[in-house]
Amino acid sequence: YSIDTFNEMNPGNSDVSAVSKLLFTSVLSADPDATIVMQMWCFAHNPLVWTKDMVVKVLDGIPASRLILLDLHGEKRPQW
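So, here is what we can say about the structure in this document. (Residues numbered from 1 in each chain as written. Predicted model: local features only at pLDDT ≥ 70, side-chain atom pairs only at ≥ 80, totals over all residues. Heavy atoms only, no water.)

### Things to note about the overall build of the protein
For the protein, the count of helices and strands is three helices and two strands. Relative to the 2.2 N^0.38 estimate, which gives 12 Å for 80 residues, the radius of gyration of the protein is 12 Å and therefore close to what a compact globule would have. Each principal axis of the C-alpha distribution contributes one length, and for the protein these read about 35 × 30 × 15 Å. Burial status across the protein gives 30% buried among its 80 residues. Pairs at least 24 apart in sequence give 74% of the contacts found in the protein among residues at least 6 apart. Summed over all atoms, the accessible surface of the protein reaches about 5000 Å², with 56% contributed by carbon and sulfur. Positive and negative side-chain charges of the protein, numbering 6 and 9 respectively, have mean locations separated by a distance of 7 Å. (Helix = DSSP H or I, 4+ residues; strand = E, 2+ residues; numbered from the N terminus. Rg over C-alpha atoms; globule rule 2.2 N^0.38 Å. Buried < 20%, exposed > 50% of the residue type's maximum accessible area, 1.4 Å probe, protein only. Contact = heavy atoms within 4.5 Å. Areas by Shrake-Rupley, 256 points an atom, 1.4 Å probe, with all protein chains shown as cover. Lys, Arg positive; Asp, Glu negative; His and termini not counted. Charge placed at Lys NZ, Arg CZ, Asp CG, Glu CD.)

This is the structure in C-alpha cells:
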C-alpha cells in the first residue's frame, strides 16, 4: 500500500509518529499482511523542516519489516 502522507508539505505541529502509526494500523485492519511503500522524496523536498529526527519519527511509526522505501531522485541526492 502506498502512503505519501507528507508529500511536499510542512507537517507543522503534527505528531508525525502518531500519524504514521495510525495510518499503518488502519491499513492493517483491512489487510493484516500489508506492506507499506513510501516515497522518500517528501523528506528531500524541504530538509529544513524534515530533519533527521523528524524523518525517524515518521519511519518509527511503521515496523521496518513492513516498509519499503523508494529513494526517488536518489541518483542525484541519495538519502538512504
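### Quick word on helix 1 (residues 16-30)
The first and last C-alpha atoms of helix 1 sit 22 Å apart over 15 residues, in line with the 21 Å expected at 1.5 Å per residue. Considered for burial, the residues of helix 1 that qualify are V16, S17, S20, F24 and V27. Buried residues along helix 1 cover an arc of 105° about the axis, so they all sit on one side. Away from the buried face of helix 1 by more than 90 degrees, exposed residues L22, S29 and A30 are located. Of the surrounding secondary structure, the elements contacted by the buried residues of helix 1 are strand 1 (36-39) and helix 3 (52-60). (Expected span 1.5 Å × (residues − 1). Arc of directions from axis to C-beta.)

### Focus on helix 3
Listed as buried for helix 3 are M54, V55, V58 and L59. Along helix 3, the residues classed as buried sweep out an arc of 130° about the axis, all on the same side. Turned more than 90 degrees away from the buried face of helix 3, the exposed residues are K52 and D60. Looking at the buried side of helix 3, the elements it contacts are helix 1, strand 1, helix 2 (41-45) and strand 2 (67-70).

### What about the pattern of salt bridges?
For the structure on display, the rule yields one salt bridge. Taking the shortest distance from any N to any O, the salt bridge between K57 and D53 comes out at 3.5 Å. Taken together, the residues K57 and D53, both in helix 3 and four residues apart, mark about one turn of the helix. Exposure remark for K57: the relative accessible area of 36% places this residue in the partly exposed category. Accessibility expressed as a relative area gives 47% for D53, which makes it partly exposed. (Salt bridge = Lys/Arg side-chain N within 4 Å of Asp/Glu carboxyl O.)

### Here we look at the nonpolar core
By size, the foremost hydrophobic cluster in this structure holds 18 residues, and its most contacted members are I36, M38, F43, W50 and V58. Secondary-structure elements contributing two or more residues to this core are helix 1, strand 1, helix 2 and helix 3. Tallying contributions element by element places helix 3 first for this core, with four residues. (Core = buried A, V, L, I, M, F, W, Y, C linked by side-chain atoms within 4.5 Å.)

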